[in-house]
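If you want the building blocks of each chain, they are given just below.
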Amino acid sequence: MFDFSIVTNWFDQLLRTTLSLNDFWAILIECVLVGVFILAAYALIAIVLIFMERKVCAYFQCRIGPMRVGFWGTLQVFADVLKMLIKEIFFVSRADKLLYALAPVLVIIGSVGAFGFLPWNKGAGVLDFNVGIFLLTAISSIGVVGIFLAGWGSNNKYSVVSAMRAAVQMISYEMSLCLCLITAVILTGTMQISGIVEAQTGPFRWLICQGHVPAIIAFLVFLVAGNAEANRGPFDMAEAESELTAGHHTEYSGMGFGFFYLAEYLNLFIISGIAATVFLGGWAPVNVGISPFDQLMDYIPGIVWFLGKTFIIVFLLMWVRWTFPRLRIDQILKLEWKYLMPLSLINLVLMTAVVALGLYIK
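Below: a short report on this structure. Residue positions within a chain follow its written sequence, with the count starting from 1. Reporting in this predicted model follows two pLDDT cut-offs: at least 70 for local features of residues, and 80 or more for side-chain atom pairs to be given and counted; totals over whole chains, interfaces and linings ignore these cut-offs and use all residues. Side-chain metrics in this entry use all non-hydrogen atoms of the structure; hydrogen atoms and water are not considered.

**A short note on the overall build of the protein chain**
Consideration 1: Only DSSP runs of H or I covering at least 4 residues are called helices, and only runs of E covering at least 2 are called strands; the numbering of each starts at the N terminus. When its secondary structure is counted, the protein chain shows 15 helices and zero strands.
Consideration 2: The globule rule puts the C-alpha radius of gyration for 362 residues at 21 Å, and the 21 Å found for the protein chain is close to it.
Consideration 3: For the C-alpha atoms alone, the extent of the protein chain along its principal axes is close to 65 × 55 × 40 Å.
Consideration 4: Accessible area is worked out with a 1.4 Å probe on protein chains only. A residue is then buried under 20% of its type maximum, exposed over 50%, and partly exposed in between. Buried positions account for 46% of the 362 residues belonging to the protein chain.
Consideration 5: For accessible areas, the Shrake-Rupley method is used with a probe of radius 1.4 Å. Any residue's cover is judged against the shown protein chains and nothing else. Only carbon and sulfur atoms are counted for the fraction: they give 73% of the accessible area of the protein chain, which is about 17600 Å². The reference for a compact globule is 2.2 Å times residues^0.38; the radius of gyration itself is calculated from the C-alpha atoms.

**With respect to the packing of aromatic side chains**
Consideration 1: Note on aromatic pairs: the rings of Phe, Tyr and Trp (six-membered ring only in Trp) are paired at centre separations within 6.5 Å, and the planes decide the class, stacked below 30 degrees, edge-to-face beyond 60, tilted for the rest. Evaluation of the coordinates by the stated rule reveals 20 aromatic pairs.
Consideration 2: Ring geometry for Y100 and Y252: centres 4.3 Å apart, planes at 5°, overall stacked. On the criterion of sequence distance, the pair formed by Y100 in helix 4 (residues 97–115) and Y252 in the loop between helix 11 (241–244) and helix 12 (254–279) is long-range, its members being 152 residues apart. We note that Y100, like Y252, is buried.

**Re helix 4**
Consideration 1: For a helix, the expected span equals 1.5 Å multiplied by the residue count minus one. Along its 19 residues, helix 4 runs 28 Å from first to last C-alpha, staying within 8% of the 27 Å computed at 1.5 Å per residue.
Consideration 2: Fitting axes to the seven residues ending at a residue and to the seven starting there, one defines the bend at that residue as the angle between these axes. The largest bend in helix 4 amounts to roughly 25° and is located at A103, with the proline P104 lying one to four residues further along.
Consideration 3: Of the positions making up helix 4, those classed as buried are L99, Y100, A103, P104, L106, V107, I108, G110, S111, G113, A114 and F115.
Consideration 4: Any two residues having at least one pair of non-hydrogen atoms within 4.5 Å are treated as being in contact. Tucked inside the fold, the buried residues of helix 4 contact helix 2 (23–60), helix 5 (132–140), helix 6 (142–153) and helix 12.

**A few points about the nonpolar core**
Consideration 1: To form a nonpolar core, buried Ala, Val, Leu, Ile, Met, Phe, Trp, Tyr and Cys residues must be joined to one another through side-chain atoms within 4.5 Å. Counting 83 residues, the largest nonpolar core has F115, F222, F269, I274, F279 and I313 as the members making the most contacts within it.
Consideration 2: The biggest single contributor to this core is helix 12, with 13 residues.

**Examining helix 12**
Consideration 1: An ideal rise of 1.5 Å per residue puts 38 Å on 26 residues; helix 12 measures up with 38 Å between its terminal C-alpha atoms.
Consideration 2: The element helix 12 is extensively covered by neighbouring structure, given that 20 of its 26 residues are classed as buried.
Consideration 3: Downstream of helix 12 by a residue or two, G281 has a phi angle that is positive, lying close to 90°.

**A closer look at the packing of helix 2 against helix 14 (residues 302–321)**
Consideration 1: Structural elements are reduced to axes, namely lines fitted to C-alpha atoms, with helices fitted over the stretch in contact, and the angle between N-to-C directions of any two is expressed from 0 to 180 degrees. It is at 10 Å that the axes of helix 2 and helix 14 come closest, and there the two elements cross at 45°. The angle between helix 2 and helix 14 places the two elements in the oblique class. At the point where helix 2 passes helix 14, the crossing takes the right-handed sense. Side by side, helix 2 and helix 14 meet where V48, L49, M52, E53, V56 and F60 of the first sit next to F311, V314, F315, M318, W319 and R321 of the second.
Consideration 2: Considering only residue class, the contact of helix 2 with helix 14 consists of ten nonpolar, no polar and two charged. Working definition: roughly parallel below 35 degrees, roughly antiparallel above 145 degrees, roughly perpendicular at 65 to 115 degrees, and oblique for all remaining angles. By convention, the crossing between two helices is left-handed when the near helix turns anticlockwise from the far helix through less than a right angle, and right-handed when the turn is clockwise. Classification used: nonpolar for Ala, Val, Leu, Ile, Met, Phe, Trp, Tyr, Cys and Pro, charged for Asp, Glu, Lys and Arg, polar for all others including Gly.

**A short note on a nonpolar patch on the surface**
Consideration 1: Exposure above 30% relative accessible area and the absence of a salt bridge qualify a residue for a patch, where like charges join within 9 Å and nonpolar side chains (Val, Leu, Ile, Met, Phe, Trp, Tyr) within 5 Å. For this analysis, a salt bridge means a side-chain nitrogen from Lys or Arg found within 4 Å of a carboxyl oxygen belonging to Asp or Glu. A surface patch of nonpolar side chains, about 510 Å² in accessible area, is lined by F2, F4, I6, V7 and W10.
Consideration 2: Locating F2 in the fold gives a position in the segment before helix 1 (5–18).

**Looking at the environment of Y173**
Consideration 1: Here Y173 is to be found in helix 7 (residues 157–188).
Consideration 2: For the pair formed by Y173 and L28, sequence separation is 145 residues and the distance between their alpha carbons is 37 Å.
Consideration 3: Apart from residues no more than four positions distant in its own chain, Y173 is found in contact with A225, A228, E229, F235, I332, L335, E336 and L340.

**Quick look at unusual backbone geometry**
Consideration 1: Its identity as a non-glycine residue notwithstanding, S20 has a phi of 55°, on the positive side.
Consideration 2: On the secondary structure map, S20 appears in the loop between helix 1 and helix 2.
Consideration 3: For S20, a relative accessible area of 59% translates into the label exposed.
Consideration 4: Within the chain, H212 stands out as a residue other than glycine whose phi angle is a positive 55°.
Consideration 5: Mapped onto the fold, H212 is located in helix 10 (residues 212–229).

This is the structure in structure tokens:
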């Protein structure tokens, strides 16, 4: 498995030694390049996800999806982006202008910040702290504030109702998400994301294999709670078009609406990426203890493993969205507080017992 830190260390030495730059300029150039990479990857993956959603939705509904713009409709998303960029940006006369303008910025900051924690390859994690899981959950929570401010600042009754629904739903399901991540932390013994992936390298070392039943339960609960956290169907009551028009972003146009649209799809990718990283080994290849097979798997780049696992989960969540009907808000909250939350707490205790008694695969 190629370690990308070789490239980053070489580039750092190039700036400091060959070009004789001091620490300030070297770090500044590196941060700018990393920022450009994150934003470029963010936009590219959003385009792929939007196109994928349309095609998956079409096939589930016995249609063919967009086909006119470009080969097999591949340029349709670019046409939509161009249309969004040239649309007029208007402001609601009675809205709170500060909150109205700040809301989409907060939503995109929370999404991009969480996106930066995803480990693409060995040695290619952008944000990798020893308390990475803690920081990831904290930064991703910023999006809740942005959604609530969007509804409140728009001075629209539909938007306010949507924002209240979204806030209570996202705050509620964050509890189950965090408990599932804590379950994984207990098993691996670290909150550093790269450390969690390293703990899953080797034959049958993925967490859903190591931790037996508790890890599988945590993985399934994480998928359900993550789907609700991203406001995806069947948990999209906050954007119920038949009741609330477009929900909290009803009064937004142009790139203001585009920020909410981007964040929704990238949150789907982030949830899937975290699930793939924490429970399915992230960039770690499939190893079964047979030397020729394991060596062959090691030749496949880590980024291919990470993206492959992530997009499999993305497809699974899209499948769920276009299969199940939308839940009522009382059903959404009942599912969390009466079922998922108690199950996550019991599962956390069970995982603690498994680790304490040494019953996991070592």
